[in-house]
Amino acid sequence: MDAREFDVIIIGGGITGAGTQRDCAMRGLRTLLIERSDIATGATGRNHGMLHSGARYAVSDPESAAECIRENRILRQIAAHCIEETDGLFVTLPEDDPHYQATFVDACRRAGIRAEVIDPAQARRLEPSVNPALTGAVRVPDGAVDPFRLCAANMLDAKIRGGQVRLHVDVTGFIREGDALVGVHTRNRLTGEKVDYFAPVIVNAAGIWGHGIAALAGVDIKMYPAKGALLIFAHRVNQMVINRCRMPSNADILAPGDTVCIVGTTSTRIPYKNLFNVAVTPEEVDLLITEGAKLAPSLASTRILRAFAGVRPLVSADDDPTGRSISRGIVCLDHEERDGLKGFITITGGKLMTYRLMAERATDLVCRKLGVDKPCTTATTPLPGSEERSYEAVAQRIWEAPSTAQKAAASRLGTDAARLRDDRAGTALVCECEEVSVSEIDNAIERLDVSTLTDLRRRTRVGMGTCQGGFCACRAAGMLARAHGDTDKARKDLRNFMTERWKGNFPIGWGDTLREAEYTQWVYKHVLGL
Amino acid sequence: MKFQAYTVSKYNFDECMKCTVCSVYCPVLQVNPLYPGPKQAGPDGERLRLKDPYFFNYALKYCLNCKRCEVACPSGVDVAGLIQAARIKYGQDRPTLRDRLLASTDLMGTLARPVAHVVNGLTGLRVTRAAMEAALQIDHRRVFPKYSGRSFESWLRRQAHAQAAYKDQVAYFHGCYVNYNYPQLGKDLVKVLNALGVGVQLLDKEKCCGIAYITNGMSDIARKNARHNVSVLEEAVHGRGLKVLTTSSTCSLTLRDEYPALLGVDNTGVRASILIASRYIYERLEAGAQLRFKPGFRKRVAYHTPCHMEKLGWGVFSERLLRRIPGVEFTLLDSACCGIAGTYGFKSENYEASQAIGVPLFEQIRAVDPEVVACDCETCKWQIEMSTGYSVEHPISILAQAIED
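Cut-offs and rules
Residues numbered from 1 in each chain as written. Chains lettered and ligands numbered in written order. Predicted model: local features only at pLDDT ≥ 70, side-chain atom pairs only at ≥ 80, totals over all residues. Contact = placed C-beta atoms within 7 Å. Helix = DSSP H or I, 4+ residues; strand = E, 2+ residues; numbered from the N terminus. Nonpolar A, V, L, I, M, F, W, Y, C, P; charged D, E, K, R; others polar. Expected span 1.5 Å × (residues − 1). Buried ≥ 20, exposed ≤ 12 C-beta atoms within 10 Å, placed from the backbone. Pairing = 2+ DSSP bridges. Axes fitted to C-alpha atoms, helices over the stretch in contact; angles between N-to-C directions. Parallel < 35°, antiparallel > 145°, perpendicular 65-115°, else oblique. Left-handed = near helix turned anticlockwise from the far one by under 90°.

(A) Summary view of the interface of chain A and chain B. With 32 residues of chain A at the contact, the number on the chain B side is 27 residues. Ranked by residues supplied to the side of chain A that touches chain B, first place goes to helix α17 (residues 511–527) of chain A with 5 residues. In terms of residue class, the side of chain A that touches chain B is made up of 11 nonpolar, 10 polar and 11 charged.

(B) Highlighting unusual backbone geometry. In this structure, the amide linkage connecting A:G264 to the following residue, A:T265, adopts the cis form with an omega of -5°. Inspection of the secondary structure puts A:T265 in the loop between β17 (260–264) and β18 (268–269). Positive phi, normally seen in glycine, also occurs at B:K205, with a value near 65°. Looking at where B:K205 falls in the secondary structure, it is placed in the loop between β2 (198–202) and α13 (211–215).

(C) Main features of helix α5 (residues 79–90) of chain B. Residue and element names in this part refer to chain B. Taking 1.5 Å of rise per residue, 12 residues should cover 16 Å, and α5 covers 16 Å from first to last C-alpha, within 8% of that figure. For α5, the tally of buried residues reaches 9 of 12 residues, placing the bulk of the element in the interior. Turning to α5, its buried residues number three or more, namely V79, A80, G81, L82, I83, Q84, A85, A86 and R87.

(D) Main features of helix α7 (residues 282–295) of chain A. Residues and elements named next belong to chain A. With 14 residues, α7 extends 20 Å between its outermost C-alpha atoms, agreeing within 8% with the 20 Å of an ideal straight helix rising 1.5 Å per residue. Inspection of α7 places E284, V285, L288, I289, G292, K294 and L295 among the buried residues, and these make up the whole buried set. Looking at the buried positions of α7, the neighbouring elements they touch are β14 (223–233), β15 (241–244), β16 (253–257), β17 and β19 (304–315).

(E) How the structure looks around the sheet that holds strand β1 (residues 8–11) of chain A. All names here are of chain A. Pairing in this open sheet of 6 strands is mixed, and the strands run β9-β2-β1-β13-β21-β20 from one edge to the other. Edge positions in the sheet fall to β9 (164–166) and β20 (330–334), since each of these pairs with one other strand and no more. Across the sheet, the mean angle separating the axes of adjacent strands is 15° when strand polarity is ignored. Note: strand β13 (residues 201–204) against strand β21 (residues 344–349), 3 bridges, orientation parallel. Bridging across to β21, V203 finds its partner in I345. Running at roughly 15° to β20, helix α9 (residues 355–370) makes contact with β1, β13, β20 and β21 of the sheet.

(F) Region of the structure containing the sheet that holds strand β3 (residues 50–51) of chain A. All names here are of chain A. Taken in spatial order, the 3 strands of this open sheet run β3-β8-β4, and their pairing is antiparallel. The strands lining the two open edges of the sheet, one partner per strand, are β3 and β4 (83–84). As paired elements, β3 and strand β8 (residues 143–145) share 2 bridges and run antiparallel to each other. Bridge pairing in β8 links L51 to G143.

(G) Structural detail: the packing of helix α1 (residues 15–26) of chain A against α9(A). All names here are of chain A. Put simply, α1 and α9 touch, their axes get as near as 8 Å, and they point 50° apart. It follows from the interaxial angle that α1 and α9 lie oblique. Considering only the axes of α1 and α9, their crossing is right-handed. Each of I15, T16, G19, T20, R22, D23 and C24 in α1 lies in contact with α9, whose residues at this interface are Y355, R356, M358, A359, E360, A362, T363 and V366.

(H) Main features of the environment of A:R166. All names here are of chain A. Relative to the assigned elements, R166 resides in strand β9. Between the C-alpha atom of R166 and that of L190, which follows or precedes it by 24 residues, the distance is 12 Å. With residues near it in sequence (within four places) discarded, R166 still touches L32, L33 and I34.

(I) The arrangement of the packing of helix α3 (residues 38–51) of chain B against α5(B) in detail. All names here are of chain B. Running from N to C, α3 and α5 cross one another at 55°; their axes reach a closest spacing of 8 Å. Looking at the two axes, α3 sits oblique to α5. Every pair of crossing elements has a handedness; the one defined by α3 and α5 is left-handed. Across the interface between the two elements, P38, A41, G42, P43, G45, E46 and R49 from α3 touch V79, L82, I83, A86 and Y90 from α5. Taken together, the residues of the contact of α3 with α5 sort by class into 8 nonpolar, 2 polar and 2 charged.

(J) Quick look at the environment of A:F506. Residue and element names in this part refer to chain A. Locating F506 in the fold gives a position in the loop between α16 (487–505) and α17. Under the C-beta neighbour-count criterion, F506 is labelled partly exposed, with 15 such atoms within 10 Å. Spatially, the C-alpha atom of F506 lies 8.0 Å from that of A307, the residues being 199 residues apart in sequence.

Rendered as structure tokens:
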């Protein structure tokens, strides 16, 4: 635990950082990952959670599309417990250009993406929620991916292979020796503790915050912060991903994700100073509902759970006002070559889908710098939990007659669900909406670096259901208080958590969501006296 | 700003606020730890089942479909509807021979009627009941309803001419119990209605309402019966211009609410015309109709509101009707489930839970010590009679005894 010396330090606990740490660890390097907040707090956790086939980029960005479909196939093999093989539809509506479909299908095929033109009637049979007015449909191998789970599994694998992880730790500066970076100054945001860590190579995988990290190191990267807003609905209306068959635009994807479905996105350029406080505007909510209902009409009358927004870490040279035309391609910068600064690499651009490839490129460069000659094996080695393809098989193997909560645990943890305790106390539910048991919370606290309730939510889905923490947050806070031996901290944490939940409810605060929030407020204030 | 005017989800499950009051009112949850409770089984489970039917939980079979969760729900969620619909849609357990026998109330009635005294004698024997337990998992402690040698339908058919003489007319959905087991209740109803100047007609061959098929995993048969019943109800309501009366609270609920909600059978044309008899009679009396009561009639009556009567919101009519009878000393029993829930309590695996659920009701009946318990539900009657020894009669029967012949 006290090591200060590593082969490589990775800055950023998003999927790129976690993937890079795993790859480095698998090639035998001593790794440290530093994250200023929690895993997947940036763009990693703020998107549709879609396993892109690449079809969306086939016309506008063929290179990214080809990368996507390759990685799509790999993730099905190595990350089974994080993904759902749902397939997707690209639907043409009466208002869309009818000729685009042919261009689209052609581009998909050139990128190596299976794109099957199907009859609108068949599309409606496959996905009954789809807009019945559709005039055309193409079936592609889209799917769903849980970015939190994927990120946690990568980090867990790195840790199993000796990697170390420091969450809630800021990089406050770099340690230089001549024209090389040799270490970082850090400060723990929760405890205030200051520690220096050393490594001959430092990887900047901080997403949109990579701009600031690079600036700390004295190099300049031009990034393009493009905000995307999304809405989460309270239950699944669709089983397949539904896309609009047109040039990528606003609110043209409806993706199923675990127990919910998500419609998005918008794309607006925002100033760097707004990075830490991204709010969803009423205009964005309007647009998402209006456009979303064109994909699946029932969205217009389905309860909305939350609104949220993320910032894409696009790297840009030109001045595209929307950011739509910027490549989602991978950018791996060797600052020794680019800026004469040794021991510093920036890996950015790309997307959730291509994180593994990004990690491979970054790790190749790290290895080159360290003189290590080991091939990348991340494309063929399953993540912890993904040793079996179906959660049904996992649950049946562990339990004779699995309860709904046990089935849900198998779907979230994969083969790691075998670690859960089966006794009466362990199987009691903490989160009723998502069926998360006491033992699943214990498992997260024990193995997945949990400091706060929000950390716990990302790893377990506690607080992500329709009650938005109303029933589970106080229970989970009690468990954290016991685990950390600090009730005051847990109480403050609970307050922050509930405030954060309300932040997502506020932009869509009407109807049932408002009733639920009122009810929760009443429970916390008057029943629990908080 | 444009926002959604309404939230529309099947069985209103999006409206669930997670307040958990349904689970507080669930009688099963109090006695059976294997049952996840209405909130988990209903709106919470539904979100997971929408993700993947694999998340369906076999323990949903422990729901006794009393609907108390729906009565308790402040958000209008059809909790029991969600649970029963999930059982129909995702349930994999095929009905056993036992389930088929229990569910086929009309077939069993038809077979048993000609040899009623033999069947009644057999089901009363300890050895028969032990054999049924061993072969069919029907609990040996359960007392079976007796079969009648003559069906209600054949009795009323013989009366058709006399009934036609009355100025006002209604149709009567008697249900399997009145037809095969206890025609006396139907005769009592005819007596009361005739005294009000109302003649009673049969439907054009009603079939079992189907509730036992629904709860025993045979919704296909239930749907067939529902389609048939809706068509004969339409003939009575629109062809003959009649209201259709019932005496069974569960048949009423099934005809009115379960057909569209669980079986997808549209009954909008007839739903409003289906009424429990006590409501119809109460309303006629309120409108000025008179009954001549026996002067010396005295009875201490405790009324138990069946769960489905609560769901219909009609318990008040039976209560008011009983209170109107001169000489009735009336006690309203606390709202509680008796635990039998139709065929549920007959199954060996449910017997203990079924009896445990009924305890508060049984204790209150013993404390009140009435001459007779009144109740609109035939299966509540079997349960209370078996478990307390007090005799149970339908409010209409008590009314029939109280009026001049």
